[in-house]
Amino acid sequence: MTTTETERATAPATYVGKPVDRVDGRAKVTGEARFAAEHHYPDLAHAALVHAAVARARITAIDTAAARAVPGVIDVLTHENAPAMKPPPKFSPLDLSTFVSATSVNYLATDEVHWNGQPVAVVVAETPEAARHAATLVRPVYQELPAVLDFAAEEPNAVPQKGNLLQESEADKGDAEAALKTAPVTVDLRFTTPPYHHNALEPHATTAVWDGDRLTVHEGTQNIAWLRKHLATRFGVPERGVRVLAPYVGGGFGGKAMVWAGTLLAVLAARAVGRPVRLALSRAAVYHTVGGRTPSTQRVALGADADGRLTAIVHTSVSRTGRIGGMPEPVTAATRHLYAAPNIHLRQHVVELDLLANTAMRAPGEAIGTFAIESAMDELAWELGLDPVELRLRNEPERNPVDGKRFSRRLLREAYALGAERFGWRDRDPRAGATRDGRWLVGMGVATAYHPTLMLPANVSVRLGADGRVVVRCGLQEMGMGAATVQAQIAADELGVPLESVRVEYGDSSLPDAPGAGGSVQTASIAGGVVAACDKLKRMVRRLGRGAPGTYAEILARAGRDHVTAEVKANMPVFMIRTLLERRRLVKAACGVHFCEVRVDRDTGEIRVSRWLGVFDVGRIVNAKTAASQLRGGIVMGLGMALSEETLVDPRTGRIMNPSLADYHVPVHADVPHIDVHYLDEPDPTMPLGLVGIGEVSIAGVAAAVANAVRHATGVRVLDLPITLDKVLPG
Amino acid sequence: MRVNGAEEKLDVEPWVSLADLLRDRLGLTGVKKGCDQGACGACTVLADGTRINSCLALAVQYDGKEITTIEGVAPHPLQEAFVRHDGLQCGYCTPGQICSAIGMLAEHAASGADPAALDEAEIRERMSGNLCRCGAYNGIVDAIKDVTR
Ligand code: FES
Ligand code: FES
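Keep in mind it's a predicted model, so treat the numbers as computed, not measured. Here, residues in each chain are numbered from 1, in the same order as that chain's written sequence. Working convention: letters from A go to chains and numbers from 1 go to ligands, in the order in which they are written. Since the coordinates come from a predicted model, pLDDT governs what is reported: local features require at least 70, and pairs of side-chain atoms require 80 or more to be given and counted, while whole-chain, interface and lining totals use all residues. For side-chain calculations, the full set of non-hydrogen atoms in the structure is used, while hydrogens and water are omitted.

**As for the overall build of chain B**
- Strands here mean DSSP runs of E at least two residues long; helices mean DSSP runs of H or I at least four residues long; both are numbered from the N terminus. Across its full length, chain B holds 6 helices and 5 strands.
- When the helices and strands of chain B are listed from N to C terminus, the series reads β-β-α-β-β-β-α-α-α-α-α.
- The globule rule is 2.2 Å times the number of residues to the power 0.38, and the radius of gyration it is compared with is taken over C-alpha atoms. In summary, chain B has a C-alpha radius of gyration of 15 Å against a globular reference of 15 Å for 149 residues, a match within 12%.
- If you line up chain B on its principal axes, its C-alpha atoms span 45 × 35 × 25 Å.
- Between two residues, a contact is recorded if the distance between any of their heavy atoms is within 4.5 Å. Within chain B, counting contacts between residues at least 6 apart in sequence, those at least 24 apart form 60% of the total.
- Counting only carbon and sulfur atoms, one obtains 50% of the accessible surface of chain B, whose full area is about 5,700 Å².
- Averaging the locations of the 14 positively and 21 negatively charged side chains of chain B gives two centres separated by 2 Å. Computed by Shrake-Rupley with a 1.4 Å probe, the accessible areas treat only the displayed protein chains as cover when residues are assessed. Here Asp and Glu are counted as negative and Lys and Arg as positive; His is not counted, and neither are the chain ends. In this description, the location of a charge corresponds to atom NZ of lysine, CZ of arginine, CG of aspartate or CD of glutamate.

In structure tokens form, the structure reads like this:
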């Protein structure tokens, strides 16, 4: 931590902290905002995918004659005729861009089928209708191979999950199993969570345009810079000739962080037919080619003394990846940080299945892990006859429970106090099933939210014109977080200029490289770059002015300059070493608490969420309006996870059975009550401007808060998400 | 067909959906497509003032009708209210939400129902065909309430 950062964090600000309207709001409410599938080129051709209908196989023949005969079809690409791409690079910590290889499959370069839904052909046609129709006429012949598909059946064969530099996979402190045996009060529960899909409302789409060796790609991506590098590698062209444009991204939530088949095949098809190609995936194609969240089974066992002080915490998990790739989900990650106990045992296991690679979805690990630990804490409170808020306060740690590291900042006590007061928690009747309102059983639940804080370095340039206009240039990606808005606020304050004079250019790989939007890293990372670039700019202007007073415009005019530009470039190795050193002694996070009220229909078991309040300890808030939206968004997604969402995978065929928004139920208007959001607004002393990322924290704990409220309303503890009405009806 | 006030003479195959016609052939990309099967509301437009899912409508069925997309509603007080109440994040559902809200308010007025009956719960119920995966529902409802005051 440096002193300048602390001073800044407490200095008066003009725009930082204000609920400013988002700068791209107008473009979005007028329909001017163009997304990846909405760029027109003369001669644009349209592509559609053909998906494998079996889980594991070799393709022995593929008949494309009928498809080719459809009027308007330009070409049908299969493994027999497609130009080859280079294989996807394996992950290497020395080149973080290798992280975006979503699977190890080299599409259309192999006769192997690795999952049910894998693209095995691409049809290119003059119209989207012709492409879609022709795609249904392609006939692959398969020689089927045995496939391992059933997550529940494979659970006993799970192997220990590997950790990495930033994420340990397991923890042991004392002897938790022995402590459990002697604890006066215990709970020992088994939880299950289903697969989920992101379902960003904009389905993945790519418009690819080749000009010789130069490539332009319009793509809804969370990772502009890494996508550019990946495409350059796969297509064997210089990176500087590849341009990725993503000024608007219609939601991502992790689903647009990696490079999936559709992107690659659009670029491949454009090269093959020598025309610009658009591949706009159907909703079903998104399910079949873009990974989702792993299912999990979890065990949480807690031991406590009669006063409710924890003596043992056990949290173990099994999740899955694909045999062809996927991210092992850190399911027990939050449990490393939540509660003090002398004995802790954490383990994560994984099974590999012949399914599409899973991937990160909003708060991977914490979202489903907190369902288990926070439900178990609630159940322990019932066993003890203790208020669940009080139980949490009694076990609130002073230092990080597994290793004694210091917290950079931790205000969960304050969050609980404020939340309980605002929500009217103490007024409730604590008995289960005792509160009724007509046919409704009413219950209240509480749970903790937690998400780790990470940062990556960003390159930023700031240009100050003689006319007083400021342009911040950074290849950040905006998928609704309000990223450009908050960076404009920060730059305006740093330079002391009106917000209206600042423009942020983003969403273009020809701008200075920024980290991807994922892991809640973007806002703070780029803020660090913006602050540094503004500092440098001010120094440059001071030098130009030789210490004489004057406004920026006057100084530039006197020096005969039309503009001044300051650039900052990240030094990745130095940054990584600093990060790793800091992580040896410090734990940083965003955290919060959820309070909710649910109503359960006595006869039908229908569950309605009627009230919600969250209090968040998420560092300094730059924009209370966009921050509230983001926190609410996580809660809404958590409501879906708790009550209605579930991807159904046929364990015999590996086929997703509900790949549509009609059959996979995301929350609608009527499912979402007013969500009251409060912040503690306490800067994190170790972060630029005191900011921490807020994109993911609020989904953590939501499912547990709902489950706990259902338990209070009905007396039924549901351990298996989603909490559908059949699970709460008696018998 | 009249689209946003302008006469359009078009020759389309019978299988082309209204959404694809508007997006691909007329360049009205304010019409979004989230599912192409009537499940998300992103493609909502107004046909003679009534809200419809244009992905479920065949273009030829709307011969002679007046179609209004988000490009044709401006300036509408709802647009400004959406920005002020932050009833959007990624913005992909937004044109559909706004068109749907305009249609919904007209339906409600035409039914002769008491404007005061259009409370939050009623707005939510009537807007439930328009999904927002970013979860901007609170802001959307606030924006709609705001323009009805
Ligand atoms: S795109 Fe028409 S309802 Fe979803
Ligand atoms: S704003 Fe992203 S789906 Fe509604």
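**What to know about the sheet that holds strand β6 (residues 139-144) of chain A**
All names here are of chain A.
- Taken together, 3 strands build an open sheet; the order of strands is β4-β2-β6 and the sheet is antiparallel. Only two strands of the sheet have a single neighbouring strand rather than two, namely β4 (112-113) and β6.
- Here 6 bridges tie strand β2 (residues 57-63) to β6, and the two strands are oriented antiparallel to one another. Counterpart to A57 in the pairing with β6 is E144. A pair of strands is considered paired only if DSSP assigns at least 2 bridges between the two.

**Quick look at the pattern of salt bridges**
- A pair is scored as a salt bridge if a Lys or Arg side-chain nitrogen falls within 4 Å of a carboxyl oxygen belonging to Asp or Glu. The full count for this structure, using the stated rule, is 69 salt bridges over all chains.
- With a shortest N-O distance of 2.7 Å, E38 of chain A and K32 of chain B are connected by a salt bridge. With E38 of chain A in the loop between α2 (25-30) and β1 (45-51) and K32 of chain B in the loop between α1 (18-25) and β3 (44-47), this pair bridges two chains. Residues E38 of chain A and K32 of chain B agree in their burial class; the two are buried. Using a 1.4 Å probe on the protein chains alone, a residue whose accessible area is under 20% of its type maximum counts as buried, one over 50% counts as exposed, and one in between counts as partly exposed.

**So, the pairing of strand β20 (residues 460-465) of chain A**
Residues and elements named next belong to chain A.
- Where burial is concerned, most of β20 is hidden: 5 out of the 6 residues are buried.
- Here 6 bridges tie β20 to strand β23 (residues 563-568), and the two strands are oriented antiparallel to one another. Residue V460 lies in a different strand from β23, and its bridge partner there is V568.
- By the bridge criterion, 4 bridges tie β20 to strand β21 (residues 470-473) in an arrangement that is antiparallel. Opposite V462, over in β21, you have V472 as the bridge partner.

**Concerning the domain arrangement of chain B**
Residues and elements named next belong to chain B.
- Where a domain begins and ends is set by an automatic assignment or by a domain database. By the assigned domains, chain B splits into domain 1 (2-72) and domain 2 (74-148).
- In this structure, domain 1 and domain 2 have C-alpha centres spaced 20 Å apart.
- Across the boundary between the two partners, domain 1 contributes 18 residues, which contact 17 residues of domain 2.
- Summing both sides of the interface, domain 1 and domain 2 together bury roughly 1,300 Å²; the carbon and sulfur share of this comes to 55%.
- When residues of domain 1 are sorted by the area they lose upon contact with domain 2, K32, R51 and I70 head the list and together hold 45% of the total.
- Viewed at the interface, domain 2 and domain 1 are joined by 1 salt bridge. In this description, buried area is defined as the sum, over both parts, of the accessible area (probe of 1.4 Å) that is lost when the two are combined.

**Focus: the interface of chain B and chain A**
- Counting residues at the interface gives 49 residues for chain B and 55 residues for chain A.
- For the pair chain B and chain A, the summed buried surface comes to about 4,000 Å²; carbon and sulfur atoms form 55% of the total.
- For the interface between chain B and chain A, the tally reads 7 salt bridges.
- Counted as a polar contact is a pair of N or O atoms within 3.5 Å, where, for protein atoms, one must be capable of donating a hydrogen and the other of accepting one, and residues adjacent in sequence contribute only when both atoms are in side chains. Linking chain B to chain A there are 25 residue pairs in polar contact (both at pLDDT 80 or more).
- Looking at the side of chain B that touches chain A, the elements with two or more residues in it are α1, α2 (70-73), α3 (77-84), α4 (94-110), α5 (120-126) and α6 (137-148) of chain B.
- Under the scheme applied here, ten amino acids are nonpolar (Ala, Val, Leu, Ile, Met, Phe, Trp, Tyr, Cys and Pro), four are charged (Asp, Glu, Lys and Arg), and all others, including Gly, are polar. Here the residues of the side of chain B that touches chain A are counted per class, giving 22 nonpolar, 14 polar and 13 charged.

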